[in-house]
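Architecture and fold: a report
Spelled out from the first residue to the last, the chains are:
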Amino acid sequence: MAGTGSAAAAARGLARSGAGARTAGSAGLEARTGGEGRDGYMGWRRLLGPKETLGLLEGSVVHREGALLALNKPPGLPILGRPGDLSLDALLPTLRRRLGLAAELHVVKAPARSQAAVSHREYSGLVLLSSCYHTTKKLQQFFTNARGRGQYPATYHAVTVGVPAEMEGEICTGLRWQEQEDRAMVVPVPAPGRRSLARKDVKSTLTRYRVLSTAGGCALLQLQPRTAFPEQLQVHLTLLLCPALGDHKHSSHVGRVLGVPFFLTPETTPSRTQVLDEELLSRLALSPRQLHHLPLHIHLQELVLPEGPLCAPPPPYFLHTLRCLGLPEP
């Protein structure tokens, strides 16, 4: 199929609830369920291979019409990967055959995807695929043009530890990669110079946010990035002094003294497992030793296509957290 006809058709209905909301670890995808209590986060530590992951992806289809296919991507599965790694891109040829599609599938849009790097594996949510090259290019141009007009075609939901000082606003800062110890880290650059921006050493980034609800010092936020940079949403949330729940990479950059949060520079604070206070641990039915099991709570909920929105429900552990915290479902 050529043109945007199938894109329009795919956008006419809201997505059906996907059955495959799971998440994953570093070596491969791990089965995760949405049980109550501590099993809401830890009943899924079973490593999945390619065959089981393919079955998981088949169950995560939320929309299929014409050339377009939408998946509710489980956390932990990267879009791209090194040769031999388990990734969505590596599984697409087999997935296409199992779904009975004749043409090759292309990734149109995915959670936190950036041309500079592979998608962050721990984000969950919508992945838009197309079996028509021309439709892929036209939809990608549609998203680029929408951002250029000041529109926000992608909407994420996030659970945060802390509540922003303002109920809505924008986070605008430069972001760049920086070598820290033995790995690269995304760090904010509050006032990037023209030369660094021109050389593309730093990228100017912007995210619009709105607080949807709050309870017990936590919040459910709507996030709409205007730009795309790896880990942009996680870094922007730390600049709000409200790191995402389950962010074990950037949350250490928010410190507290007498309950008052403040920002710590990445150079002085290495990444570590997120630290939560006793009250919050109790509400989540977790112990400090179990915190590393807590998954990242950032989900690509909605994509606006030419004729309407396409949605994907949050994974079970996300909904489990909302119930534990007394936050209403989005």
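What counts as what
Residues numbered from 1 in each chain as written. Predicted model: local features only at pLDDT ≥ 70, side-chain atom pairs only at ≥ 80, totals over all residues. Heavy atoms only, no water. Buried < 20%, exposed > 50% of the residue type's maximum accessible area, 1.4 Å probe, protein only. Helix = DSSP H or I, 4+ residues; strand = E, 2+ residues; numbered from the N terminus. Patch = residues over 30% accessible without salt bridge, like charges linked within 9 Å, V, L, I, M, F, W, Y side chains within 5 Å. Areas by Shrake-Rupley, 256 points an atom, 1.4 Å probe, with all protein chains shown as cover. Salt bridge = Lys/Arg side-chain N within 4 Å of Asp/Glu carboxyl O. Core = buried A, V, L, I, M, F, W, Y, C linked by side-chain atoms within 4.5 Å. Phe/Tyr/Trp six-rings, centres within 6.5 Å; stacked < 30°, edge-to-face > 60°. Lys NZ or Arg CZ within 6 Å of the ring centre and 35° of its normal. pLDDT = per-residue confidence, 0-100. Contact = heavy atoms within 4.5 Å. Pairing = 2+ DSSP bridges. Axes fitted to C-alpha atoms, helices over the stretch in contact; angles between N-to-C directions. Parallel < 35°, antiparallel > 145°, perpendicular 65-115°, else oblique. Left-handed = near helix turned anticlockwise from the far one by under 90°. Nonpolar A, V, L, I, M, F, W, Y, C, P; charged D, E, K, R; others polar.

Details of helix H9 (residues 316-325)
The buried fraction of H9 is high, at seven of 10 residues. Taken together, the buried positions of H9 are occupied by Tyr-317, Phe-318, Leu-319, His-320, Thr-321, Leu-322 and Leu-325.

Points about a nonpolar patch on the surface
A contiguous nonpolar patch, built from Val-257, Leu-258 and Phe-262 and spanning about 330 Å² of accessible area, is present on the exposed surface. Considering the arrangement of structural elements, one finds Leu-258 in the loop between strand S13 (254-257) and strand S14 (260-263). For Leu-258, a relative accessible area of 84% puts it in the exposed group.

Topic: the nonpolar core
With 30 residues, the main nonpolar core has Leu-126, Leu-128, Tyr-156, Leu-221, Leu-223, Leu-237 and Ile-298 as its most contacted residues. Broken down by secondary-structure element, the contributors of at least two residues to this core are strand S5 (68-73), strand S7 (124-130), helix H5 (133-148), strand S8 (154-161), strand S11 (203-215), strand S12 (218-225), helix H7 (232-239) and strand S15 (298-305). Considering every element that reaches this core, the biggest residue donor is S15, with four residues. Membership of the second largest hydrophobic core comes to 20 residues, among which are Val-159, Leu-280, Leu-281 and Leu-325.

A few points about the packing of aromatic side chains
Aromatic ring pairs are defined here through the distance separating the ring centres and the angle between the ring planes. One pass over the full model with this rule turns up three aromatic pairs. Ring centres of Trp-177 and Phe-229 lie 6.4 Å apart, and the angle between their planes is 40°; this geometry places the pair in the tilted category. Residue Trp-177 is located in strand S9 (residues 168-180), and its partner Phe-229 is located in the loop between S12 and H7; the two are separated by 52 residues in the primary sequence. Residue classification places Trp-177 among the partly exposed residues on the basis of a relative accessible area of 37%. Overall, the relative accessible area of 10% leaves Phe-229 in the buried class. Over the aromatic face of Phe-143 sits the side chain of Lys-109, whose NZ or CZ is 5.4 Å from the ring centroid. Across from the ring centre of Tyr-152, 3.9 Å away, lies the NZ or CZ of Arg-208, which sits over that ring.

Regarding the confidence of the model for the chain
Counting all residues, the mean pLDDT for the chain is 83, and 84% of those residues have values of 70 or more. Note on residues 32-38: pLDDT under 50 across the span, and 24 contacts to partners over four residues away in sequence or across chains. Taken together, the stretch residues 114-119 has pLDDT below 50 and engages in 11 contacts with residues farther than four places along the chain or on a different chain.

What about the pattern of salt bridges?
The full count for this structure, using the stated rule, is three salt bridges. With a closest N to O distance of 2.6 Å, Arg-98 and Glu-58 form a salt bridge. On the criterion of sequence distance, the pair formed by Arg-98 in helix H4 (residues 88-98) and Glu-58 in helix H3 (residues 50-58) is long-range, its members being 40 residues apart. A relative accessible area of 40% places Arg-98 in the partly exposed class. Residue Glu-231 is joined to Lys-249 by a salt bridge in which the shortest nitrogen-to-oxygen separation is 2.8 Å. Residue Glu-231 is located in the loop between S12 and H7, and its partner Lys-249 is located in the loop between H7 and S13; the two are separated by 18 residues in the primary sequence. For Glu-231, a relative accessible area of 7% translates into the label buried. Since its relative accessible area comes to 19%, Lys-249 is described here as buried.

A short note on the pairing of S15
Of all eight residues making up S15, six are buried, and the element is well covered by its neighbours. With two bridges joining them, S7 and S15 adopt parallel strand pairing. Each residue of the ladder has a partner; that of Gly-125, found in S15, is Leu-300. Sheet analysis places S15 next to strand S16 (residues 308-311), joined by four bridges and oriented antiparallel. Counterpart to Val-304 in the pairing with S16 is Pro-309. Here S15 folds back onto S16 in antiparallel fashion, the turn holding two residues.

Points about the packing of H3 against H4
In the contact formed by H3 and H4, the axes pass within 10 Å of each other and the chain directions differ by 65°. Regarding the angle of H3 to H4, the classification is roughly perpendicular. Crossing geometry of H3 relative to H4 is assigned as right-handed. Each of Pro-50, Lys-51, Thr-53, Leu-54, Gly-55, Leu-57 and Glu-58 in H3 lies in contact with H4, whose residues at this interface are Leu-88, Leu-91, Thr-94, Leu-95 and Arg-98. Looking at the contact of H3 with H4, its residues break down into six nonpolar, three polar and three charged.

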